Amino acid sequence: VSQTRPLLGLKRLKQWLLIIILSDTDQSPRGSELTFQSVRRGRHLELLALDMDRPPFSPDTAFLLGLFSLLDALLNQPMAEILASLPLDDTIRTALVGGNNVARPWLDHAEAVEYGQWETAEAFLRDQGLDIARCAILHAEATDWARDMLGLSSQADQARQTLTGPDTKLPA
């Protein structure tokens, strides 16, 4: 147990460093949104893998899969070119370039959730033996986690500030 704590801390540090590097690639509003989506995807897929008895790959792999899924849009380069210089597992690499493997349905699920394609999202969850309501909770947790990691305020806080100014208090 005493050796587990440092490992868990190291894992979070690695995630944090990856997120920092990713967030520095494009600081425009477009880049910020793509970074947020990438971080949320990564955490959502990681949480799904953690929630499974026997995920097809590790939660770390699921996190990287989601985190790197929008690199082509962030860097304005073809995904294959970007991945050529990254030391990634073949499972991640194949899925990210659109290949059909065990990881590709995970990316398709993340996109389906983001685009409101509920039939596709639910079909994936059924195939994986995951509960739909549980997935919704995990997605909300991933959203909160991504906001925290990127230092973003909640949308409600942003709306309040935009509509009323920073010093006005609205009832919660």
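Residues numbered from 1 in each chain as written. Predicted model: local features only at pLDDT ≥ 70, side-chain atom pairs only at ≥ 80, totals over all residues. Heavy atoms only, no water.

**A look at the pattern of salt bridges**
Where we set the bar: Salt bridges are identified by distance alone: a Lys or Arg side-chain nitrogen within 4 Å of an Asp or Glu carboxyl oxygen. Here a helix means four or more residues in a row that DSSP labels H or I, a strand means two or more in a row labelled E, and each is numbered from the N terminus. Burial classes: relative accessible area under 20% of the type maximum marks a residue as buried, over 50% as exposed, and values in between as partly exposed (1.4 Å probe, protein chains only).
Tallied over the entire structure, the rule returns six salt bridges. For E46, the salt bridge goes to R43, with nearest N and O atoms at 2.7 Å. Placement of both E46 and R43 in helix α2 (residues 29-51) is noted, with a separation of three residues, approximately one turn of the helix. The exposure classification of E46 matches that of R43, with both residues buried. Among the charged side chains, a salt-bridge network with shared partners connects R104, D108 and E111.

**Some words on the environment of A112**
Quick note on the threshold: Any two residues whose heavy atoms approach within 4.5 Å at even a single point are treated as in contact.
By secondary structure assignment, the location of A112 is in helix α7 (residues 104-115). On a C-alpha basis, the gap between A112 and F124 in space is 9.6 Å, while along the polypeptide they are twelve residues apart. Contacts of A112, omitting those with residues within four sequence positions, involve Q117, T120 and A121.

**Considering the packing of α2 against α7**
Note the cut-off: The convention used is that axes are lines fitted to C-alpha atoms, helices contributing only their stretch in contact, and that angles between N-to-C directions extend from 0 to 180 degrees. Angle categories: roughly parallel below 35 degrees, roughly antiparallel above 145, roughly perpendicular from 65 to 115, and oblique for all the rest. Crossing handedness follows the turn of the near helix against the far one: under a right angle anticlockwise gives a left-handed crossing, and clockwise gives a right-handed one.
At their nearest, the axes of α2 and α7 sit 11 Å apart, and the two run at 120° to each other. Classified by the interaxial angle, the pair formed by α2 and α7 is oblique. For the element pair α2 and α7, the recorded crossing hand is right-handed. On the side of α2, the interface is formed by Q37, R40, R41, H44, L45, L48 and A49, while α7 contributes W106, L107, H109, A110, E111 and E114.

**Examining the packing of α2 against helix α3 (residues 59-67)**
For the pair α2 and α3, the least separation of the axes is 7 Å and the interaxial angle reads 155°. Relative to α3, α2 is oriented roughly antiparallel. Handedness of the crossing formed by α2 with α3: right-handed. Residue-level inspection shows S38, V39, R41, G42, R43, L45, E46, A49 and L50 of α2 in contact with α3, the latter providing P59, D60, A62, F63, L65, G66 and L67.

**Structural notes on α7**
To be explicit about the condition: Helices are assigned an expected span. That span is 1.5 Å times one less than the residue count.
Under the 1.5 Å per step criterion, the end-to-end length of α7 is 17 Å for twelve residues, consistent within 8% with the ideal 16 Å. All buried positions along α7 are accounted for by R104, W106, L107, H109, A110, A112 and V113. The inward-facing, buried residues of α7 abut α2, α3, α6 (90-96), α8 (118-128) and α9 (132-150).

Don't take any of this as a statement about function, it's just geometry.
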